[in-house]
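Here are the chains, one letter per residue:
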Amino acid sequence: MNIDIIGDIHGCYEEFISLLSKLGYQKSDHSYTHPENRKLAFVGDLTDRGPNSVAVIKLVSQLVDSDQAYYCPGNHCDKLYRYFLGRNVQITHGLETTVAELKSLNKKDYQRVRQQFLTLVERSPLYHVLLDNELVIAHAGIRSDYIGQINKRVKTFVLYGDITGESNKDGTPVRRDWAQHHQGNEWIIYGHTPVKEPRFIHRTVNIDTGCVFGGALTALQFPEMTLVQVPSLQPFVEEKFRSFEQ
């Protein structure tokens, strides 16, 4: 099976549609299929910050429902899920843009989108292990020794990365560079931390190229390891991108 794994979309619906087209997907009955039966996969963070999170939720839900795609939740997905459940979450760090969209919907449309998203998250695993353990897709990555486990520690790692418990000046958590120490034979494809170019290191690839911050929306074609990108339509925000010491 050949899979096209797409990085963090964050409500950038136009770029998402452009990338599907560039990858060769064709629209059919409100969904998208590939003439060579390729499948899509999403590393999470479908919503927040960008201009059209609701449309992204609808399309990804349809793709997963029709067995055209794999999805695993990101930290923004987890927060929106808790918001939809009525939990006490802070409407900050991008969630406010999604909530504003949701509040503009009529009651029937709001309930439909809410149910689509709740179902999407509830039916999806925390991370995907595919192709006889050759490929792992996890939002912020995963340590090899965590693969196969589901517990609070693993969930925190998969959603937020290898956090230290400290905070940066902007309030984001300080994260260790776990990929630098990856020793496993599996390929781990992830996002979460915006980088200007996809980052390949020790059979890991970060494909969050900061579309919502003016970078690009990136897909990694597996097993070919080919990158396909479309440029962002959003303003460029330099300070949102992380650089790594190699």
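An unreviewed UniProt entry annotates the chain as Bis(5'-nucleosyl)-tetraphosphatase PrpE [asymmetrical] of Halalkalibacter alkalisediminis. Entered under Sequence similarities (unreviewed entry) in the UniProt record, the comment concerning the chain runs "Belongs to the PrpE family." Its UniProt record, at the heading Function (unreviewed entry), says of the chain: "Asymmetrically hydrolyzes Ap4p to yield AMP and ATP."

Peer 1: Tell me about the UniProt feature "domain: Calcineurin-like phosphoesterase" (unreviewed entry) in the chain, residues and numbers included.
Peer 2: On the UniProt side, "domain: Calcineurin-like phosphoesterase" (unreviewed entry) is annotated at positions that read residues 1-195 here. Helix makes up 34% of residues 1-195 and strand 19%, whereas the separation of the span's terminal C-alpha atoms amounts to 28 Å.

Peer 1: For the packing of aromatic side chains, give the residues involved together with the corresponding values.
Peer 2: Scanning the entire structure with this criterion turns up eight aromatic pairs. For the ring pair Tyr 146 and Phe 157, a centre distance of 5.6 Å and an interplane angle of 90 degrees mean the geometry is edge-to-face. With Tyr 146 in the loop between strand S7 (135-137) and helix H6 (152-160) and Phe 157 in helix H6, this pair connects stretches of sequence that are eleven residues apart. Note on Tyr 146: relative accessible area 7%, which makes it buried. Between the aromatic rings of Phe 157 and Trp 178, the centroid separation amounts to 6.1 Å while the plane-to-plane angle is 65 degrees, which identifies the pairing as edge-to-face. Within this pair, whereas Phe 157 is found in helix H6, its partner Trp 178 is found in the loop between strand S9 (173-176) and strand S10 (187-190), the two being separated by 21 residues in sequence. For the pair Phe 157 and Trp 178, one class covers both residues: buried. Grouping aromatic residues by their ring pairs yields a cluster made of Tyr 83, Phe 84, Tyr 110 and Phe 117.

Peer 1: An account of the side chain of His 192 is needed here, citing residue identities and associated values.
Peer 2: Checked against the element boundaries, His 192 lands in the loop between S10 and strand S11 (199-201). In this structure the side chain of His 192 is engaged in a polar contact, spanning 3.2 Å, whose partner is the side chain of Asn 75. Polar contacts involving the side chain of His 192 include one to the side chain of Arg 175, which spans 3.4 Å. Sequence-distant contacts of His 192, defined by excluding residues within four places in its chain, comprise Asp 8, Asp 45, Asn 75, His 139, Ala 140, Leu 159, Tyr 160, Gly 161, Arg 175 and Asp 208.

Peer 1: Any details on the nonpolar core? Residues and values, ideally.
Peer 2: Counting 42 residues, the largest nonpolar core has Ile 6, Phe 16, Phe 42 and Phe 117 as the members making the most contacts within it. Looking at this core element by element, the count peaks at six residues for helix H2 (residues 53-65). If we ignore the near neighbours within four places in the chain, the residues touching Phe 42 are Ile 6, Ile 9, Phe 16, Val 60, Leu 63, Ala 69, Tyr 70, Tyr 71, Cys 72 and Ile 137.

Peer 1: An account of helix H1 (residues 13-22) is needed here, citing residue identities and associated values.
Peer 2: Structurally, the α-helix is built with 3.6 residues per turn, so residues lying three or four positions apart point the same way. Residues Glu 15, Phe 16, Leu 19 and Leu 20 constitute the buried set of H1. What you see down the axis of H1 is that its buried residues fit within an arc of 140 degrees, all on one side. Along H1, exposed side chains directed more than 90 degrees from the buried face belong to Glu 14, Ser 21 and Lys 22. After H1 finishes, the residue Gly 24 shows a positive phi value of roughly 95 degrees.

Peer 1: Can you explain helix H3 (residues 75-84)? Please cite residues and give values.
Peer 2: Buried residues dominate H3, accounting for nine of its ten residues. For H3, the full list of buried residues reads Asn 75, His 76, Cys 77, Asp 78, Lys 79, Leu 80, Tyr 81, Tyr 83 and Phe 84. Against H2, strand S5 (69-71), helix H4 (95-103), helix H5 (107-122) and H6 lie the buried residues of H3. Phi for Gly 86, located one or two positions after H3, is positive at around 90 degrees.

The rules behind the values
Residues numbered from 1 in each chain as written. Predicted model: local features only at pLDDT ≥ 70, side-chain atom pairs only at ≥ 80, totals over all residues. Heavy atoms only, no water. UniProt positions renumbered as here; feature names shortened; annotations may be inferred. Helix = DSSP H or I, 4+ residues; strand = E, 2+ residues; numbered from the N terminus. Phe/Tyr/Trp six-rings, centres within 6.5 Å; stacked < 30°, edge-to-face > 60°. Buried < 20%, exposed > 50% of the residue type's maximum accessible area, 1.4 Å probe, protein only. Polar contact = N/O pair within 3.5 Å; in protein donor to acceptor, adjacent residues only side chain to side chain. Contact = heavy atoms within 4.5 Å. Core = buried A, V, L, I, M, F, W, Y, C linked by side-chain atoms within 4.5 Å. Arc of directions from axis to C-beta.

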